[in-house]
Structures are given as structure tokens and as C-alpha cells.
Amino acid sequence: MLALASPALLVILLLIVLPVGWLAWQSIYHDGFTLENYRRILNEGIYWRSFLLTFEISLLVTLLALVLGYPIAYAASAAPKGWSVFILALVILPFWTSVLVRTYAWLALLQRTGVINQFLQHIEIIKEPLALVHNTFGTVVATVHILLPFMVLPLYATMQKIPNDLIQAGASLGGSPSHTFWRIFLPLSLPGILAGATLVFVLCLGFYITPELLGGGRTVMVSMLVSRNVELYNQWGAASAVGVALLISVFAIFLIVSQFIPLDRVLGQK
Amino acid sequence: MKTLSLGRIAIVLFCALVLLYLMLPVLIIVPMSFSSARFLTFPPPSLSLRWYQEYFGNPAWMQATRVTLTVAALTVLIATPLGVAAAYAISNSKLRIMRVIHLALMLPLVVPIIITAVGIFFVYARVGLVATMSGLVLANVMLGLPYVITSVVAGFQSFDAAQEMVARSLGMGRLRSFFVVTLPQIRASVLTGGIFAFISAMDETVVGLFISGGQYQPLTKRMFTALRDEIDPTIAAISTLMTAASFLLVLIASTRQKKR
């Protein structure tokens, strides 16, 4: 049995374990052991501010995805079968559309001469085009869009398993719809919320294409620090240290979450 | 009752808006790709195939398309058998270490893609795989494996392993019983896994940005570079084609799944 799994395992070892290990090694070794690269993250404003910004954006994106995604997942789990399939299809189709394509679409929608500005000017709500992109706003709008399915799918999976009897029992005992929702449905959907929020938060922490293209160079997320240190400054040590710090954050979150729900429940979605 | 129906209307309205938000990019890209205008105006002044001609007539775009399709096809051919073998081991072995191996095989989904990309770039730079076809294919096989494994492991869950046992007890070899008895029954999940590996390779951008170059640049790398400079409507045409390809593939995968 081990022999059957070994070719796949070998690919994983050579193409992700080894590279990430190499990265970690490079972050502490440069003509001798050094913690200089990590000291820089703590001392230099650009670095720790970028970490702070990344965590803030990830938190905001997660909250927005929850607020937008929860009713959708609820509707998909409560609606008649035909509607439920329709709603899920609308969630899954964008999910399998390239992130680059969707980022491009948001660029076309949000830019100064873009569709939304033209529309708002056309109906004379605004005179001057709004700065909707090349800033944090544009990054957040597109990132929420791209990560929303990762919130809806685990939520839906959890809600689908909540027995309808429980809600009916709550109602027959005199609970108002809002009361049965807050006291019965919502608590039972918590595992789904946790799974979805974890996925969205972690994916957002490492998001690269969208902030790079829509952030306008001002919204420097951690992933962009990594790429700039490689591409522009040739600072492989610095890039590695930032990468390792990001990876540790991600693993720490998974570790904490795994205390509450099994990890395969979080990862089984895509 | 009245507040309930009002609340219902509010939820339905809210959901409709969120679904619109989800579909908006696709809804906008398609008409833009058929616009005759150089600049993005909506609705387009008149329809034309200008941007499709631009795409199909441009050797650089065509070369990039060939690279992408070749990489995606090779990725499926390699990742599918590797993934099915691993999924078989995961589903049929009682060894405790299999759980660890299963988690390890899911690593590409967990490690932020930028870290994977930079790490592979460092390793490739040492061994001379930067800007090569094989380097690109290997990286995409690694990224595609979790999709194949997840799908096929799910397929094994609804397959009764006793059937293979019966075939073997009747004297069929292990390999033959797998191909004759097991594989036909998990076929849909293998197909789905392969399709998702293909889409993953077709859409992959970040790793390609770091490790590809010269004549072996995938479509997404050229698109990304073009997007940094200006908004070229040709990209709307390419995006429409890519989206159509993804939709078609997901549709095939989901109808196959339902037939089971």
C-alpha cells in the first residue's frame, strides 16, 4: 500500500516539502546562521505594517464573506431542490473560473473609466469618477468575490445536515421564527461558520494575484513583500523569512482550529 | 405572519443581490469581449469579433495557448494515475501512517501559493529547471494531485471493497481485479479528479510567473504581464474562452457524477 502512495508522495516531497524547507533554510543561513532576516520583520516599518494590513484585510474579507455567504447558504439549504441546485450552480461556477480572469473583470468594472463609474455618471449620481480600484477598496471587493464560495460551500454542507425536525419542534413549542433561528439553527451551524471562516481567512492571508493587480502598489500584502524581495530586490533571504512567517501564521491557525473541528472538514471543500 | 413574509422578501432580495455580485464579472466579460470599441464602454457600441481575431492572429498568444494546453494535458496524464494510486492506498490501507500521508498530499492546498512558487523557483534555479516545459509540468502535477486524490477518495467511499476481494478470491490478480472490477465503478470520480487537475493547471498563474520564461510561458503569465501595463480587450476575449472551457468541463464533471 505504501508503494502505491509513494510516487505521489515523492512529487509532494520534491516539489513542495523540499522547496519550502529550502526557503526556511535560506531565511536563517547566509554565510553562517543569522536571524537578521527575522529581526528586519520586527524592526522595519514596511514589513510589520504589511503583516498588520494583511491580517486586517483578511479579517474584513472573512467578516464580509460571512455576512454575504450565510444567507446564500441558508437559502440553498432551505429552498426547494430546483432552486437549491440553481443557487449552488451560481456559487460553484465562478469558483471554477480563473482567479486571474475574475480579477481582470473587477478591474474592468471598477476602474475610472470602468463600467460602474460610467453607469453612475450616466444616471448622474456622481460627476467625477470614483476611485474604486488601485486601493484597498478594490482589493477587498474582488477578494470577497473570489473567496465567497469557500465560505458558502462549508456552510451549506453543515446546514444541510441540520435536521428540520429540530426547527419544527422549536416552532411547535411556540418559538418565533427568529427565536428558533437564533437559539437552534445558528448554534448548529457554528461548525460550518468556523470551517468557512478559517478557509477564507487563511486563503486571504496568502492572496497574491488580486492585491497585486488591484491594490495599485499601495496595498502591500505579505505575499507581495515576498515577490518584490525576489523579483525587484533579489533579497532571497528576506523573501524567505517573510514567507516562513506567513506559513507559520497559516499553520498556527489550522492548529488552533483543529482543536475544535476535524481538519479534513475544513480542507474537504475544494 | 406578516413580519415573517417581509423578512422572507428581505432575505430573497439580499440573496438575489449577492448572486448578482457573484455572476457580475462573467456577465461583464462576455459582452466586453464582443465589443468593437478600443476602450471599455458598456454597453458596447457595436458587436464585433475584433478581439478574437486579435487573439487568434497573434503568434505570441497562440504560442502561450499551446504551452498552457500542453502543460494541462500532461498534468492530467501524470497526476491522474499518481492520484488514483495514492487514493487507493489511502482508502484501503489500515496503516496509521496513511493519515499522515493523506494530510501531506493535501499540502499544496494549505501552503500559500506564493510560498510554493518562490520555493520552487529557488530549487529550480539550482537544478536548471527554470523556463523549461518539464519544470512547469512537474509543478502543476504537484498542484493538481490534491484534486485527484480528494475526488477519488470520495469515489472509493461509495464503493464496496468486498467486490474486489471476491474477484481476487476467484483467482484474478490484484492489478487485473482493480482494472476490471474497481476502476469501472469509480470512473466518474477519476474523471472528475482529472478534470479539476486540468482546470487547475489551465488557471495556474503564480507559480508560472516565477518559474516560466522564454518560449515556455503559459497563457496566464502573458495575461498577467499584459494586465500590469494596460487593459487590453484581447484579454476579455481570452477570459471568455477560458471561462467557457471551465464551465464546460465542470458541467461534464457534474453530469457524470449525477449519473452514478
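Remember, it's a predicted structure, so these values are computed and weren't measured experimentally.

Definitions and limits used
Residues numbered from 1 in each chain as written. Chains lettered and ligands numbered in written order. Predicted model: local features only at pLDDT ≥ 70, side-chain atom pairs only at ≥ 80, totals over all residues. Helix = DSSP H or I, 4+ residues; strand = E, 2+ residues; numbered from the N terminus. Buried ≥ 20, exposed ≤ 12 C-beta atoms within 10 Å, placed from the backbone. Contact = placed C-beta atoms within 7 Å. Axes fitted to C-alpha atoms, helices over the stretch in contact; angles between N-to-C directions. Parallel < 35°, antiparallel > 145°, perpendicular 65-115°, else oblique. Left-handed = near helix turned anticlockwise from the far one by under 90°. Nonpolar A, V, L, I, M, F, W, Y, C, P; charged D, E, K, R; others polar. pLDDT = per-residue confidence, 0-100. Core = buried A, V, L, I, M, F, W, Y, C linked by C-beta atoms within 7 Å.

Draft legend 1. Structural detail: the overall build of chain B. Within chain B, the secondary structure is distributed over twelve helices and zero strands. Referenced to the eigenvectors of the C-alpha coordinate spread, the extents of chain B come out at roughly 70 × 70 × 30 Å. Per-residue burial for chain B yields a buried fraction of 47% across its 260 residues. Pairs at least 24 apart in sequence give 75% of the contacts found in chain B among residues at least 6 apart.

Draft legend 2. Fine view of the overall build of chain A. Scanning chain A from N- to C-terminus turns up 14 helices and zero strands. Order of helices (α) and strands (β) in chain A, N terminus to C terminus: α-α-α-α-α-α-α-α-α-α-α-α-α-α. Expressed as lengths along the three principal axes of its C-alpha atoms, the size of chain A is roughly 75 × 65 × 35 Å. Expressed as a percentage of its 270 residues, the buried residues of chain A come to 44%.

Draft legend 3. Just unusual backbone geometry, in detail. Unusually for a residue other than glycine, A:His134 sits at a positive phi of about 65°. Tracing the backbone through its elements, the reader meets A:His134 in the loop between α6 (115-122) and α7 (136-160). Among the residues examined, A:His134 registers 19 C-beta atoms within 10 Å and is labelled partly exposed. Of note in the backbone geometry, B:Ala131 takes a positive phi value of approximately 60° without being a glycine. Here B:Ala131 shows up in the loop between α6 (113-127) and α7 (133-157).

Draft legend 4. Quick look at the packing of helix α3 (residues 59-92) of chain B against α7(B). All names here are of chain B. Remark: α3 packs on α7, axes separated minimally by 7 Å, with the N-to-C direction vectors making an angle of 40°. For the element pair α3 / α7, the angle class is oblique. For the pair α3 and α7, the crossing hand works out as right-handed.

Draft legend 5. Geometry of the environment of A:His145. Inspection of the secondary structure assignment puts A:His145 in helix α7. Overall, the presence of 23 C-beta atoms within 10 Å leaves A:His145 in the buried class. With sequence-adjacent residues up to four places away left out, A:His145 is seen in contact with A:Arg102, A:Trp106, B:Tyr21 and B:Leu22.

Draft legend 6. Structural context of the interface of chain B and chain A. Taken together, the contact pairs 70 residues of chain B with 65 residues of chain A. Tallied by class, residues from the side of chain B that touches chain A come to 57 nonpolar, twelve polar and one charged.

Draft legend 7. Highlighting the packing of helix α1 (residues 2-28) of chain A against helix α4 (residues 97-105) of chain B. Running from amino to carboxyl end, α1(A) crosses α4(B) at an angle of 45°, the nearest separation of the two axes being 10 Å. It follows from the interaxial angle that α1(A) and α4(B) lie oblique. In the crossing of α1(A) with α4(B), the sense of the turn from one axis to the other is left-handed. Where α1(A) approaches α4(B), its residues A:Ala5, A:Ala8, A:Leu9 and A:Ile12 are matched on the opposing element by B:Ile101, B:Ala104 and B:Leu105. Along the lines of polarity and charge, the residues of the contact of α1(A) with α4(B) split into seven nonpolar, no polar and no charged.

Draft legend 8. Molecular detail of the confidence of the model for chain B. All names here are of chain B. This prediction gives chain B a mean pLDDT of 88; 95% of its residues lie at or above 70. Confidence, read as mean pLDDT per element, is least for helix α8 (residues 162-169) in chain B (83) and greatest for α3 (95). For this predicted complex, the interface score ipTM comes out at 0.88, while the overall pTM is 0.89.

Draft legend 9. The nonpolar core, seen in detail. A:Leu147, A:Val200, B:Val118 and B:Leu145 are the most contacted members of the largest nonpolar core, which has 156 residues in total. The element that contributes the greatest number of residues to this core is α3(B), accounting for 15 residues. Setting aside anything within four residues of it in sequence, one finds A:Leu147 in contact with A:Val61, A:Ala65, A:Val200, A:Leu203 and A:Cys204.

Draft legend 10. Region of interest: the environment of B:Leu74. Residues and elements named next belong to chain B. Mapped onto the fold, Leu74 is located in helix α3. For Leu74, a count of 18 C-beta atoms within 10 Å puts it in the partly exposed group. Each C-alpha atom, one on Leu74 and one on Ile29, is 29 Å from the other, the two residues being 45 residues apart in sequence.

Draft legend 11. Quick look at the environment of B:Tyr55. Residue and element names in this part refer to chain B. With respect to the secondary-structure elements, Tyr55 resides in helix α2 (residues 50-56). Assessed through the 22 C-beta atoms surrounding it within 10 Å, Tyr55 is described here as buried. Separated by 179 residues in the primary sequence, Tyr55 and Thr234 place their C-alpha atoms 6.1 Å from one another. The residues touching Tyr55, leaving out its near neighbours within four places in the chain, are Trp61, Thr234, Ala237 and Ile238.

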